[in-house]
Amino acid sequence: MRRAGAEFAELTGLSPESVTRLERVDDGWVVEAEVTELARVPDTMSLMATYEVATGPDGGVTGYRRIRRYERGRADRT
């Protein structure tokens, strides 16, 4: 997880704030991480994003994609 987080930050310039999903797959792991894409004042107006990050068995990033973008504090619609 540490290696994947460091590589993701290096590739995107974004630092993961939290991990919301961690799943073992055949050839590694799939991780969903929440990041701040655009910090604003007040903080509740910051743009957040969820990224899906795929890793190999050694923890190295093999791919990533943004799967959601939203304002901080905004609840999902149900």
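Attention here is on the structure that accompanies the text. (Residues numbered from 1 in each chain as written. Predicted model: local features only at pLDDT ≥ 70, side-chain atom pairs only at ≥ 80, totals over all residues. Heavy atoms only, no water.)

1. Overview of the packing of aromatic side chains
The line we're drawing: Ring pairs shown here join Phe, Tyr and Trp side chains whose ring centres sit within 6.5 Å, with only the six-membered ring taken for Trp; geometry is labelled stacked below 30 degrees between planes, edge-to-face above 60, and tilted in between. By definition, any uninterrupted DSSP run of H or I lasting at least four residues is a helix, any uninterrupted run of E lasting at least two residues is a strand, and each is numbered from the N terminus. Partly exposed describes any residue whose relative accessible area lies between the buried limit of under 20% and the exposed limit of over 50%, with all areas from a 1.4 Å probe on protein chains only and scaled to the type maximum.
Using the criterion set out here, one finds three aromatic pairs in the structure. Judged by centre distance (5.2 Å) and plane angle (65°), the rings of F8 and Y51 are edge-to-face. Taken together, the residues F8 in helix α1 (residues 2-12) and Y51 in strand β3 (residues 47-55) connect sequence positions 43 residues apart. Classification of F8 as buried rests on a relative accessible area of 1%. By relative accessible area, Y51 is classed as buried at 8%. Aromatic pair F8 and Y64: ring centres 5.5 Å apart, planes at 90°, arrangement edge-to-face. Here Y64 lies in strand β4 (residues 61-71) and F8 lies in helix α1, a separation of 56 residues in the sequence. One aromatic cluster is present, formed by F8, Y51 and Y64 through successive ring pairs.

2. Description of a nonpolar patch on the surface
Heads up, the condition is: Like-charged residues within 9 Å of one another, or nonpolar side chains (Val, Leu, Ile, Met, Phe, Trp, Tyr) within 5 Å, are grouped into patches, provided each residue has over 30% relative accessible area and no salt bridge. Values of accessible area rely on a 1.4 Å probe in the Shrake-Rupley scheme; residue burial ignores everything except the protein chains shown. Any Lys or Arg side-chain nitrogen located within 4 Å of an Asp or Glu carboxyl oxygen qualifies as a salt bridge.
A contiguous nonpolar surface patch, about 380 Å² in accessible area, is contributed by M1, V19, L22 and W29. Relative to the elements of secondary structure, V19 occurs in strand β1 (residues 16-25). Judged by its relative accessible area of 45%, V19 is partly exposed.

3. A closer look at the pairing of strand β2 (residues 28-38)
Regular strands show a simple pattern: their side chains alternate between the two faces of the sheet. We count it as follows: Two strands form a pair only when DSSP identifies at least two bridges running between them.
Across the eleven residues of β2, nine count as buried, placing the element largely inside the fold. Sheet analysis places β1 next to β2, joined by eight bridges and oriented antiparallel. The partner of P16 across the bridge, within β2, is V35. The hairpin formed by β1 and β2 contains two residues between the paired strands. When β2 meets β3, the two strands line up antiparallel, connected through nine bridges. By the bridge assignment, V31 is partnered in β3 with V53.

4. Focus on unusual backbone geometry
For the bond running from V41 to P42, omega is 0°, close enough to zero to count as cis. As for its placement among the helices and strands, P42 is situated in the loop between β2 and β3.

5. Considerations on the sheet that holds β1
Quick note on the threshold: The axes are straight lines fitted to the C-alpha atoms, using for helices just the contacting stretch, and the angles between their N-to-C directions are given from 0 to 180°. The contact rule is simple, with two residues in contact once any of their heavy atoms fall within 4.5 Å.
The antiparallel open sheet is built from four strands, whose spatial order is β1-β2-β3-β4. The open sheet has two edge strands, β1 and β4, and neither has a second partner. Shown here is a sheet whose adjacent strand axes are inclined to one another by a mean of 20°, direction ignored. Across the sheet, α1 touches β1, β2, β3 and β4, and the angle it forms with β4 is around 70°.

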